[in-house]
Amino acid sequence: GARLSCTNVASPPLYHFRKFEFNPKVGIDNPALTLTEDMDGEGVGEPRFYLLTKESTETFGFCLHEELGCHGHVIRQIELGGVAQRRGLQDGDRLLQVNGHFVDHMDHFRVVQKIKASGNQVLLAVLDGDSYEAAKSLGRDLSQLLPDDIRPRLCHVTRDKSGFGFSVSCPEGIRGTFQLSVLQDGPADRAGVPPGSWLLELNGDSVKSYSHMQLTKKLKQSGNKVTLLVASSEVEEFYRLRGLRVTAALADTSRLPFKVRELHLVKGPAGYGFLLKEDDCSSGGVGQFLWDVDAGLPAERAGMREGDRVLAVNGESIEGLDHEQTVHRIRAREDQVTLLVIDPAADEFYHSVGFGGRVLLWLGS
C-alpha cells in the first residue's frame, strides 16, 4: 500500500437523519453529505464523496491496498485523527473514483500515483465494502453508480471582434453569484464554456465576493484573454448538495491550450542527449530544467524542448527533490526513462490560474 495524509481541523461526529448522513460543522470545506439508502432493494448502497485537503508536509491519512482474494482498491490503515478519519472514510471502503476519474478497473500502482499526483487536495468516491461485493456479485457496472461528469471546467477564452462571446447575469444586490449566457460558436463556446454555467473563478481568483460592477471591471482588465473556472448547473448542484468546495485543482483541463507532455526516451549509444539543470522557477521555488538538447538524439526525437521543466520521472513526482536526487531517478533504469514535462508558457499559465506554482501530475494522466 501507499501511505497517503492532512489538515488538523477538528470535526464533530456524524449525525444520521433518515437517508442522509451529514456533518453539520460550519466552515469545513467538505462536510460529508451522502445518500445511504439501498438501491433497488438489493443491498447496494450509494457511493460517498469526500474532498480531502492537507498541508504539504502531511499525508491524507490512509493506505490503499490491493489484497489477495479481495476485489478492488481497499481503504486500510486509517490514521487516528487524520483527515481521512475526520472526513468519514471507513476501513474496507473500496475506491471507485479519483478527481472524477473512474479507477476501479485501473492498475493499482497507477491509482496510487493518481492520488499522489493530486497534490494537497483530492476528491474521492468510495463504496462500502459490503455494497461493493454485493454489486460485484450482481454483475453491476460500478461506473454506472456514479454521475457522468462531476468536474468543473477550466476554459481559456480569447477575445475576437465580437468580444469574449458570453454575458453575465446575477441576482439584484447579490455578490458572487454569476451565471453565463454563451453565444453559440463564439469564443467562449469554442473554449468549452457550457451554456448556463456558473462562474467560480476569474483568472485564478474566486469571484464569490465580487459585485457585478467589480466583475465587469476585472474582465476589462483581462485584455484579450481570460481564464474561467466554471461549473454547469448539474455540477454546481452536485458540489452544493454535498457541501464540497469547487476548486481549480478538481477541474477538467482538457480544453485548455496548454498541456503537459509525456516523453519516453530510450537511451542510444551517445546517451539520451540532454542536460538537466537546476534553476529558479518563474513562479517561485526551484525546478529541474532541460537544456542542451542534442539534435538527432533520443531526447529531441521524443519531443524534448530546451527550457522544459521536469514534473515527474517514471510516473513519480520530483516535487521536493534536489538535483542529485532527480538525476538518480532518471538513471534508475539503465536504458530508458519516461519524463513528464511542461514548457515555460504553460508553466506560467497554470501558476496564474491557481495551481500554486506547479502543475498537478494528473493533468498528464
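Relevant structure appears above.
Residues numbered from 1 in each chain as written. Predicted model: local features only at pLDDT ≥ 70, side-chain atom pairs only at ≥ 80, totals over all residues. Heavy atoms only, no water.

(A) Region of interest: the overall build of the protein chain. A tally of helices and strands in the protein chain yields nine helices and 22 strands. Carbon together with sulfur atoms contributes 49% to the accessible area of the protein chain, which is approximately 17,900 Å² in total. (Helix = DSSP H or I, 4+ residues; strand = E, 2+ residues; numbered from the N terminus. Areas by Shrake-Rupley, 256 points an atom, 1.4 Å probe, with all protein chains shown as cover.)

(B) Summary view of the packing of aromatic side chains. Tallying each qualifying case throughout the model produces six aromatic pairs. Plain terms: the ring middles of F164 and F166 are 6.1 Å apart, the flat faces sit at 20 degrees to each other, and that makes the pair stacked. Each member of the pair, F164 as well as F166, is classed as buried. Considering the side-chain rings of F258 and F349, the 4.4 Å spacing of their centres and the 25 degrees angle between planes classify their relative orientation as stacked. A residue pair is termed long-range when its members are at least 10 positions apart, and F258 in the loop between helix 6 (233-242) and strand 17 (261-266) and F349 in helix 9 (residues 344-352) qualify at 91 residues. Its relative accessible area of 7% is what places F349 among the buried residues. Three or more aromatic residues joined by ring pairs make a cluster, and in this case those are F49, F238 and Y239. Taking the ring centre of F60 as reference, the NZ or CZ of K54 above it sits at 5.5 Å. One cation-aromatic arrangement involves R159 over F164; the distance from NZ or CZ to the ring centre is 4.3 Å. (Phe/Tyr/Trp six-rings, centres within 6.5 Å; stacked < 30°, edge-to-face > 60°. Buried < 20%, exposed > 50% of the residue type's maximum accessible area, 1.4 Å probe, protein only. Lys NZ or Arg CZ within 6 Å of the ring centre and 35° of its normal.)

(C) Seen up close, the side chain of S222. With respect to the helices and strands, the residue S222 is situated in the loop between helix 5 (212-221) and strand 16 (225-231). By relative accessible area, which is 17% here, S222 ends up buried.

(D) Highlighting the environment of Y350. Here Y350 lies in helix 9. Expressed as a C-alpha distance, the spacing of Y350 and K259, which sit 91 residues apart in the sequence, is 9.7 Å. Within the structure, the side chain of Y350 is placed 2.6 Å from the backbone oxygen of F258, a separation counted as a polar contact. (Polar contact = N/O pair within 3.5 Å; in protein donor to acceptor, adjacent residues only side chain to side chain.)

(E) Up close: the environment of L250. Residue position: L250 is located in the loop between helix 6 and strand 17. Residue L250 is classed as buried on the basis of its relative accessible area, which comes to 2%.

(F) Fine view of the nonpolar core. Counting 21 residues, the largest nonpolar core has F49, L123, L142, Y239 and L244 as the members making the most contacts within it. Elements with a contribution of two residues or more to this core: strand 5 (48-53), strand 10 (121-127), helix 3 (129-137) and helix 6. Two domains each donate at least three residues to this core, and these are domain 1 (48-145) and domain 2 (153-250). (Core = buried A, V, L, I, M, F, W, Y, C linked by side-chain atoms within 4.5 Å. Domains from an automatic or database assignment.)

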